[in-house]
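Okay, here's what each chain looks like letter by letter:
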Amino acid sequence: TKIIMMKKLFLFLLFSILGNAQTHRFIYEFKFKEDSTTQNFRKENMVLDVNPTDVKFYSYGYVENDSINKVRNFKNVMWDDALPAITRKNQSNTNTSFLLMNDFFTYQTEDNINWVLTSETKKSAQYILQKATTRFGGRDWVAWFNKDIEIQEGPYKFRGLPGLIFEIADTKDNFSFVLIKSHHLHKTYDTTEFLESFAGMKPIAITEKILQKKQIEMFNDPLRDFKEHYKNSNGSGKFLVMGVEVKSADQFRELTQMTQERLRKTNNPLELDKAPIYPKK
């Protein structure tokens, strides 16, 4: 059954590439460990939209939420913190990332990836995939790409191989992307309502250096905004932090420590060399 499904996927993939589409959409299963010391994985479906002038990478949940909003005339907003959403111009290694913390931020990075092509291949349905390796973000990666599909793109910031990336994973088994579906859209997909803005807010442009500073500030007082809302509520409403109901301001000291401990455990970003260095206990 799995082989039949894979054949259908790749036939559909081929037709979508050949079609006169405005957006080639590739959906990858993203599997990752928040805590590298455990064997627990999270899974998310991620979208790679290859448009006539640019490329966008973001959570598939945004597409689902956007569709519901349009059909029902809702204004629901959502954000997935598994990875930053990313845009880039075609054939460019300059990535613009969108990140929601205590505010909505955007920042640019130059991400030149130096690939080493190997002669090793494997077959996936009717496609021959070629192996390539690289070191990126403080991790070693193995990618499998198809050079018959002349789209030099892939998930997240991974691009620049002579073909489409079907699979990529780090050698420590913390992160993997696997192409699971593809189709084409006859119009370029509009993301302005959920990607280039959040709840009507435009992102604040910052640098990576400022981002790292804000990450440390957030760690030092992770419940700052929550405490402010609680203070202004005058005791009305129900407030939960990590499943604990807040009934007194005295609880915030312990809850802050709990939140900081969780941040330490889940400090396993894809780009390990950019992990924030939190203060020691």
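The notes below deal with the structure included here. (Residues numbered from 1 in each chain as written. Predicted model: local features only at pLDDT ≥ 70, side-chain atom pairs only at ≥ 80, totals over all residues. Heavy atoms only, no water.)

As for the nonpolar core
Put simply, the test is: By nonpolar core is meant a set of buried Ala, Val, Leu, Ile, Met, Phe, Trp, Tyr and Cys residues that side-chain atoms within 4.5 Å join together. Throughout, exposure labels follow a simple rule: accessible area from a 1.4 Å probe, protein chains only, divided by the maximum for the residue type, with under 20% read as buried, over 50% as exposed, and the rest as partly exposed. Each helix is a run of DSSP H or I of at least 4 residues and each strand a run of E of at least 2, with the numbering of both proceeding from the N terminus. Note on contacts: a residue pair qualifies if any of its non-hydrogen atoms lie within 4.5 Å across the two residues.
Formed by 35 residues in total, the largest nonpolar core has its most connected members in Trp 115, Tyr 156, Phe 158, Phe 177 and Leu 270. Among the secondary structure elements, those contributing two or more residues to this core are β1 (23-32), β2 (42-50), β3 (54-59), β8 (127-136), β9 (139-146), β10 (164-170) and β11 (175-185). Non-local contacts of Phe 158, meaning those with residues more than four positions away in its chain, are made with Arg 88, Ile 113, Trp 115, Phe 136, Trp 141, Glu 153, Ile 165, Ile 168, Phe 177 and Leu 270. In this structure, Trp 79, Phe 98, Phe 104 and Tyr 189 belong to the second largest nonpolar core, which totals 13 residues.

Regarding unusual backbone geometry
Backbone geometry places Gln 91, a non-glycine residue, at a positive phi of 60 degrees. Along the polypeptide, Gln 91 turns up in the loop between β4 (85-89) and β5 (94-100). In this structure, Ala 199 takes a positive phi of about 55 degrees despite not being glycine. The residue Ala 199 is located in the loop between β11 and β12 (204-205) in this model. For Ala 199, a relative accessible area of 49% gives the class partly exposed.

Some thoughts on the environment of Glu 153
Quick reminder of the rule: Here a polar contact means two N or O atoms within 3.5 Å. Within protein one must be a hydrogen donor candidate and the other an acceptor candidate, and residues neighboring in sequence count only if both atoms are side-chain atoms.
Mapped onto the elements, Glu 153 comes out in the loop between β9 and β10. Considering only alpha carbons, one finds Glu 153 and Ile 165, twelve residues apart in sequence, at a separation of 6.5 Å. Excluding residues that lie within four positions of it along the chain, Glu 153 makes contacts with Leu 48, Val 50, Val 55, Arg 88, Gln 91, Phe 158, Arg 159, Gly 163, Leu 164 and Ile 165. Looking at Glu 153, its side chain comes within polar contact range of the side chain of Arg 159, at 3.1 Å.

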